[in-house]
Amino acid sequence: MWRYHVTVKGSDDELKWLNQQAQRGQRLCRITGNWYQFQATKTPVQLFSEYVTSEVATDIEASQPPFELVTKLQLKQPDVQVIYTATTQASLDVTRVDRQNAPLQLKVALAQRGHLMNVMNLRVVLGLLLAMILIYFKLMNDAWGGWYGLIWILFSFYPAWQASRIHKQANALRVVTQQYDDA
């Protein structure tokens, strides 16, 4: 089963959502962008994630007991990988891991927000070009034009809504890290 979820990769919010899915019997298999692939399972697992630089990530190929490597996600900006591991040991379910990675999470959040804003800009420009083509060839009448406009606005500004959610997380990370450069 595939699910679409926009959040900062490797963040506490993402990990909380993934563990909620795991408690519902959906085990993470793969991540592609904002799409998460799950498979049904009867064994409850606890998921963990961490940021690893690309040099170190090449050494992480095999699982180390009690943790099993679930998937890796390569981020381009910043150049790190998010490693997702799982364990079925009940004693580790209550373990609280303080990862102290707020500065890196902030970089990831800002890059993801920038990407979403670029997607929005691209959709706005392409929508305007399509509208101009439809008007030029007189393919858009009054009834259809209103629906086109509504669909175009919703389709174009959905990434902006997602970016605003990421922006709130980035602001919280700015407060934690006290890094207000380029704010």
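Everything discussed here concerns the structure shown above.
Basis of the calculations
Residue indices begin from 1 for each chain and proceed along its sequence in written order. A pLDDT threshold of at least 70 governs which residues receive local features in this predicted model, and a stricter bar of 80 or more applies before side-chain atom pairs are shown or counted, although totals over entire chains, interfaces and linings include all residues. To obtain the side-chain values, all non-hydrogen atoms of the structure were included, while hydrogens and water were left out. Each helix is a run of H or I in the DSSP string that is no shorter than four residues. Each strand is a run of E no shorter than two, and both are numbered from the N terminus. Burial classes: relative accessible area under 20% of the type maximum marks a residue as buried, over 50% as exposed, and values in between as partly exposed (1.4 Å probe, protein chains only). We call two residues contacting when some pair of their heavy atoms lies within 4.5 Å. Surface exposure here means Shrake-Rupley accessible area, sampled with a 1.4 Å probe, where a residue is shielded only by the protein chains that are shown. Multiply 1.5 Å by the residue count of a helix minus one, and that product is the helix's expected span. The patches reported here contain residues having more than 30% relative accessible area and no salt bridge. Joining distances are 9 Å for like charges and 5 Å for nonpolar side chains (Val, Leu, Ile, Met, Phe, Trp, Tyr). Criterion for a salt bridge: a side-chain nitrogen of Lys or Arg within 4 Å of a carboxyl oxygen of Asp or Glu. Any two strands between which DSSP finds at least two bridges are classified as paired. Helix axes are fitted to C-alpha atoms over the stretch in contact, other axes to C-alpha atoms as well, and angles between N-to-C directions run from 0 to 180 degrees.

A. Summary view of the overall build of the chain. Each helix and strand in the chain was counted, giving four helices and six strands. Counted from the first residue to the last, the chain has its helices and strands arranged as β-α-β-β-β-α-β-β-α-α. Among the 183 residues that make up the chain, the fraction classed as buried is 40%. At a minimum sequence separation of 6, the contacts of the chain that also span at least 24 residues come to 66%. Total accessible area on the chain is roughly 11,400 Å²; 60% of this is exposed by carbon and sulfur atoms.

B. The arrangement of unusual backbone geometry in detail. Of note, the amide linkage connecting Gln77 to Pro78 takes the cis form, showing an omega dihedral of -5°. Note that Pro78 resides in the loop between β5 (68-75) and β6 (80-87).

C. Looking closely at helix α3 (residues 102-136). Taking 1.5 Å of rise per residue, 35 residues should cover 51 Å, and α3 covers 51 Å from first to last C-alpha, within 8% of that figure. Among the residues of α3, those classed as buried are Ala102, Gln105, Leu106, Val108, Ala109, Gln112, Leu116, Met120, Val124, Gly127, Ala131 and Leu134.

D. Structural view of a nonpolar patch on the surface. Together, Trp2, Tyr4, Trp35, Tyr158 and Trp161 give the surface a local cluster of nonpolar side chains, amounting to about 560 Å² of exposed area. Sorting the residues of the nonpolar patch by element identifies β1 (2-4) and α4 (142-177) as the ones contributing at least two each. Locating Tyr4 in the fold gives a position in strand β1. Looking at Tyr4, the relative accessible area reads 36%, which means it is partly exposed.

E. View of the sheet that holds strand β2 (residues 26-32). Strand order in the open sheet formed by three strands is β1-β3-β2, with antiparallel pairing between adjacent strands. On the outer flanks of this sheet lie β1 and β2, each paired with one strand and no other. When strand polarity is set aside, the average angle formed by the axes of neighbouring strands in this sheet is 35°. In terms of strand pairing, β1 meets strand β3 (residues 35-40) through three bridges, oriented antiparallel. When the bridges of β3 are listed, Tyr4 appears paired with Trp35.

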